[in-house]
Amino acid sequence: MIDIHCHIVYGVDDGSYSRNESLRMAAEAIESGITDIIATPHCIPAMFENYVGPDYYAAFDRLYAALHDEGMDRDLTVHRGMEAFATPSTLAQFDRGALHCLGSSDYLLIECDFAEDPEFFSGILKGLLERRIRPVVAHPERYFFAHDDIRRLLDMVDMGCVLQLDTESITGAFGRKCRETAFSLLDRGAAQLAASDAHDSDMRRPDMREAADIVADSFSPRYAQLLFDTNPRRILENRPLLFRGQYGSEEGRDSASRHHRRRDGFMTDEEYWGI
Ligand SMILES: [Fe+2]
């Protein structure tokens, strides 16, 4: 498995707080069958300002050195990433090169305030798409607007965004509404990625096996593989992601299909329609 959303870089946000904690998280990830992590520190103005720059690279270098010193980099590869937070300055920050996509891909992990106005968030996503960046919407099932109307999220998929579920939403650790919304997205085939969003080695852990088992049991082993392995690997390879079967309504499929044809070279129709 590959985890594309994990707060394992220590001392930079509300995730890992120390070298040892990051090593414990890495050990858990390895033990649970994870080979690659894209480390995604929060990047929130005035809170966790982890913009691309010397401090950003130094934080990753400290983690790489720790993993190397313990011989853990043989079993686990950590890639650079970021969880950008949508604000009115997000597009300007992107334009000045301050935001880091997932690994060396054109996929940017982005979150918004849980109580955000979906119109505002969609505007930021649209701006990224216009820059030929594929937004990966972090934990869409946790936003309040999604609990009111899941169509808001399906519209984002039709725009060309990718939805990434948190494992703890799938297991129910974030409560009934998040779990129901996650399952509703899974049921529709609208989610293309799942990730741990781990913050520590104790409560919000890197181990994704329970959630993967739930998806395999509730849907199919193949769907679990798509969410936890196939599509995360395609992120690392900067390739188009696959859907489970045929996603969405007729209307949604048409507009999404047009979108992907228009965005020439992003994804063939064959790839878009899935495995
Ligand atoms: Fe996160």
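Relevant structure appears above.
Keep in mind that this is a model prediction, so the values were computed, not measured.

Student: Pulling in residues and values, what's your account of the overall build of the protein?
Tutor: Scanning the protein from N- to C-terminus turns up 12 helices and nine strands. For the protein, restricting intrachain contacts to residue pairs at least 6 apart in sequence, the fraction spanning at least 24 positions comes to 75%. When the accessible surface of the protein is split by element, carbon and sulfur atoms take 47% of a total near 11,300 Å².

Student: Could you give an account of the coordination of the iron ion, with specific residues and numbers?
Tutor: Surrounding the iron ion are the protein donor atoms H5 (NE2), H7 (NE2), E83 (OE) and D197 (OD), at 2.1 to 2.2 Å. Note that the iron ion binds four donor atoms; their angles at the metal cover 81 to 170 degrees, and the shape is irregular. Motif for the iron ion, donor spacing along one chain: H-x1-H-x75-E-x113-D. One end of the pair, H7, is in the loop between β1 (2-6) and α1 (19-31); the other, E83, is in strand β5 (residues 83-85), with 76 residues separating them in the sequence. For the pair H7 and E83, one class covers both residues: buried.

Student: Give me the lowdown on the pattern of salt bridges, citing residues and values where you can.
Tutor: Between side chains of opposite charge, pairing is possible as soon as their charged atoms come close. The final tally for this structure, using the stated rule, is 18 salt bridges. With its nearest N and O atoms 2.9 Å apart, the salt bridge here joins D155 to R151. Taken together, the residues span about one helical turn, with D155 and R151 both in helix α6 (residues 151-159) at a distance of four residues. By relative accessible area, D155 is classed as partly exposed at 37%. A salt bridge links E237 to R239; the shortest N-O distance between them is 3.1 Å. Judged by its relative accessible area of 38%, R239 is partly exposed.

Student: If you had to explain unusual backbone geometry to someone new, which residues and values would you point to?
Tutor: One non-glycine residue, H139, lies in the positive phi region at around 35 degrees. Structurally, H139 is set in the loop between β7 (134-138) and α5 (144-148).

Student: Give me the packing of helix α9 (residues 209-218) against helix α10 (residues 221-236): which residues, what numbers.
Tutor: At a closest axis distance of 6 Å, the pairing of α9 and α10 adopts a crossing angle of 140 degrees. Judged by the angle between their axes, α9 and α10 are oblique. When the axes of α9 and α10 are compared, the crossing they make is right-handed. In contact with A211, A212, V215 and A216 of α9, α10 contributes P221, Y223, A224, L227 and F228.

Student: I'd like a rundown of the sheet that holds strand β9 (residues 193-195), residues and numbers included.
Tutor: Taken in spatial order, the six strands line up as β3-β5-β6-β7-β8-β9 in an open sheet, and their pairing is parallel. A single partner strand is all that each edge strand has here, and the edge strands are β3 (42-43) and β9. Note that strand β8 (residues 162-166) and β9 share three bridges and pair parallel. Residue pairing across strands places Q164 opposite L193, the latter belonging to β9.

Student: Quick rundown of the nonpolar core? Include the residues and the values.
Tutor: Ranked by internal contacts, the top residues of the largest apolar core, which has 75 residues, are F121, I170, L185, V215 and F228. Not counting chain neighbours up to four residues away, the residues in contact with I170 comprise L165, R179, F183, A194, A211, I214, V215 and F228.

Student: Residue-level account of α10, with values.
Tutor: The end-to-end C-alpha distance of α10, which contains 16 residues, comes to 22 Å, matching closely the 22 Å that a straight helix rising 1.5 Å per residue would cover. A maximum bend of about 40 degrees is found in α10 at L227. Among all positions in α10, only Y223, A224, L226, L227, F228, D229, N231, P232, R234 and I235 are buried. Two residues or fewer past α10, N238 is found with a positive phi of approximately 55 degrees.

Student: Hey, could you go over the sheet that holds strand β2 (residues 36-39) for me, with residue numbers and the actual values?
Tutor: The three strands are arranged β1-β2-β4 in an open sheet whose pairing can be described as parallel. Edge positions in the open sheet fall to β1 and β4 (77-80), since each of these has one partner strand only. Between one strand and the next, the sheet's axes are offset by a mean angle of 25 degrees, whatever the strand orientation. Two elements, β1 and β2, share three bridges in a ladder whose sense is parallel. Counted as the bridge partner of I2 is D36 from β2. Contacts from helix α2 (residues 54-69) reach β2 and β4, with the element oriented near 180 degrees to β4.

Reading guide: rules and limits
Position numbers for residues count from 1 along each chain, tracking the sequence in the order it is written. Residues qualify for local features only when their pLDDT is at least 70, as the model is predicted, and side-chain atom pairs are given and counted only at 80 or more; totals for whole chains, interfaces and linings, by contrast, use all residues. The basis for every side-chain value is the complete set of non-hydrogen atoms in the structure, without hydrogens or water. Helix and strand definitions follow DSSP, with helices as H or I runs of at least four residues and strands as E runs of at least two, each counted in order from the N terminus. We call two residues in contact when some of their heavy atoms are within 4.5 Å. Only the protein chains shown count as cover for residues, with accessible areas throughout obtained via the Shrake-Rupley method and a probe of 1.4 Å. The donor set covers N, O and S atoms within 2.8 Å of the metal, switching to 3.2 Å for Na, K and Ca, and it leaves out water, so a site may look short of donors. Metal sites are grouped by the angles between bound donors: all angles between 85 and 135 degrees with four donors is tetrahedral, opposite donors over 155 degrees apart with the others between 65 and 115 is square planar for four donors and octahedral for six, and any other pattern is irregular. Burial status follows relative accessibility: with a 1.4 Å probe on protein chains alone, a residue under 20% of its type maximum counts as buried, one over 50% as exposed, and anything between as partly exposed. Any Lys or Arg side-chain nitrogen found within 4 Å of a carboxyl oxygen on Asp or Glu counts as a salt bridge. Note on geometry: axes are lines fitted to C-alpha atoms, helical ones only across the stretch in contact, with angles between N-to-C directions running from 0 to 180 degrees. Just so you know how the angles are binned, under 35 degrees is roughly parallel, over 145 roughly antiparallel, 65 to 115 roughly perpendicular, and the rest oblique. The hand of a helix crossing depends on one turn: near helix anticlockwise from the far one by less than a right angle means left-handed, and clockwise means right-handed. Each pair of strands is called paired provided DSSP finds at least two bridges between the two strands. Among buried residues, the Ala, Val, Leu, Ile, Met, Phe, Trp, Tyr and Cys ones that are joined through side-chain atoms within 4.5 Å form a nonpolar core. Given the number of residues in a helix, its expected span is that number minus one, multiplied by 1.5 Å. Bend at a residue means the angle formed by two fitted axes: the first through the 7 residues ending at that position, the second through the 7 residues beginning there.

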